[in-house]
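# Topology and contacts: notes
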Amino acid sequence: IDNKDNSIIDRKLKFYDTLKPFLETYDRDLIRAFYDYWTEHGEKDKKMRFEKEKSFGLSRRLANWKSKDYGKTNTDKKQTQYELTQFTNRLRGLD
């Protein structure tokens, strides 16, 4: 995304449009958290977070984001871990 002569708002919209095809693959909440994180910028910044990266492969970044559970709250992660532990215990007959 070229950031010359475009406002941050315009560039955010372009970035959002590049994420639309991934809605078929990833959950809407994951995409939203990813968008919010990578379009973050300071009040006086001229660039958003993703624009400050030397390289930014969108599909690779999204896959990594999902695999590391970025954007999930600690409560979500603890619940997932609890459910996994319960499932494992049932498989072992320890429930």
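Quantities reported herein were computed from a predicted structural model and do not represent experimental measurements. (Residues numbered from 1 in each chain as written. Predicted model: local features only at pLDDT ≥ 70, side-chain atom pairs only at ≥ 80, totals over all residues. Heavy atoms only, no water.)

### Focus on the pattern of salt bridges
Oppositely charged side chains can form a pair if their charged atoms are brought close together. Rule in force here: In the sections that follow, a salt bridge refers to a side-chain nitrogen of Lys or Arg positioned within 4 Å of a carboxyl oxygen of Asp or Glu. Under the scheme used here, helices are H or I runs from DSSP no shorter than 4 residues and strands are E runs no shorter than 2 residues, and both carry numbers assigned from the N terminus. Remark: exposure states derive from per-residue accessible area (1.4 Å probe, protein chains only) relative to the maximum for the residue type, with buried under 20%, exposed over 50%, and partly exposed in between.
Within this structure, the stated rule accounts for 6 salt bridges. Across the salt bridge formed by Glu51 and Arg11, the nearest N and O atoms sit 2.6 Å from each other. In this pair, Glu51 sits in the loop between α2 (28–38) and α3 (58–67) while Arg11 sits in helix α1 (residues 8–19), placing the two residues 40 residues apart along the sequence. Each member of the pair, Glu51 together with Arg11, is buried. The residue Arg32 makes a salt bridge to Asp36 at a minimum N-O spacing of 3.3 Å. Note that Arg32 and Asp36 are positioned in helix α2 at a spacing of 4 residues, about one turn of the helix. Given the relative accessible area of 39%, Asp36 is considered partly exposed.

### Things to note about the nonpolar core
Convention followed: To form a nonpolar core, buried Ala, Val, Leu, Ile, Met, Phe, Trp, Tyr and Cys residues must be joined to one another through side-chain atoms within 4.5 Å. Only heavy atoms enter the contact rule, under which two residues are in contact if any of them lie within 4.5 Å.
Counting residues in hydrophobic clusters, the biggest one holds 15 residues, and the most contacted among them are Phe15, Leu19, Phe34, Leu58 and Leu62. Examining the composition of this core, we find that 5 residues originate from one element, α2, more than from any other. Beyond its immediate chain neighbours, meaning those up to four positions away, Phe34 contacts Phe15, Leu19, Phe56, Leu58, Arg61, Leu62 and Trp65.

### Some words on the side chain of Arg61
Tracing the backbone shows Arg61 in helix α3. Note on Arg61: relative accessible area 17%, which makes it buried. With residues near it in sequence (within four places) discarded, Arg61 still touches Phe34, Trp38, Glu53, Ser55 and Phe56.

### Concerning the packing of aromatic side chains
Cut-off, in case you're wondering: By convention, a stacked pair of Phe, Tyr or Trp rings (six-membered ring in the case of Trp) has centres within 6.5 Å and planes under 30 degrees apart, an edge-to-face pair has planes over 60 apart, and any other such pair is tilted. Charge-over-ring contacts are defined here by two conditions on Lys NZ or Arg CZ: a distance within 6 Å of the ring centre and an angle within 35 degrees of the ring normal.
Tallied over the entire structure, the rule returns 13 aromatic pairs. Taking 6.4 Å as the distance between ring centres and 15° as the angle between the ring planes, the aromatic pair formed by Phe15 and Phe34 counts as stacked. Here Phe34 lies in helix α2 and Phe15 lies in helix α1, a separation of 19 residues in the sequence. The rings of Phe15, Tyr16, Phe34, Tyr35, Tyr37, Trp38, Phe50, Phe56 and Trp65 are connected pair by pair, giving a single aromatic cluster. Across the ring face of Tyr37, the terminal group of Arg49 is positioned such that the distance to the ring centre comes to 4.0 Å.

That's the geometry; what it means functionally is another story.
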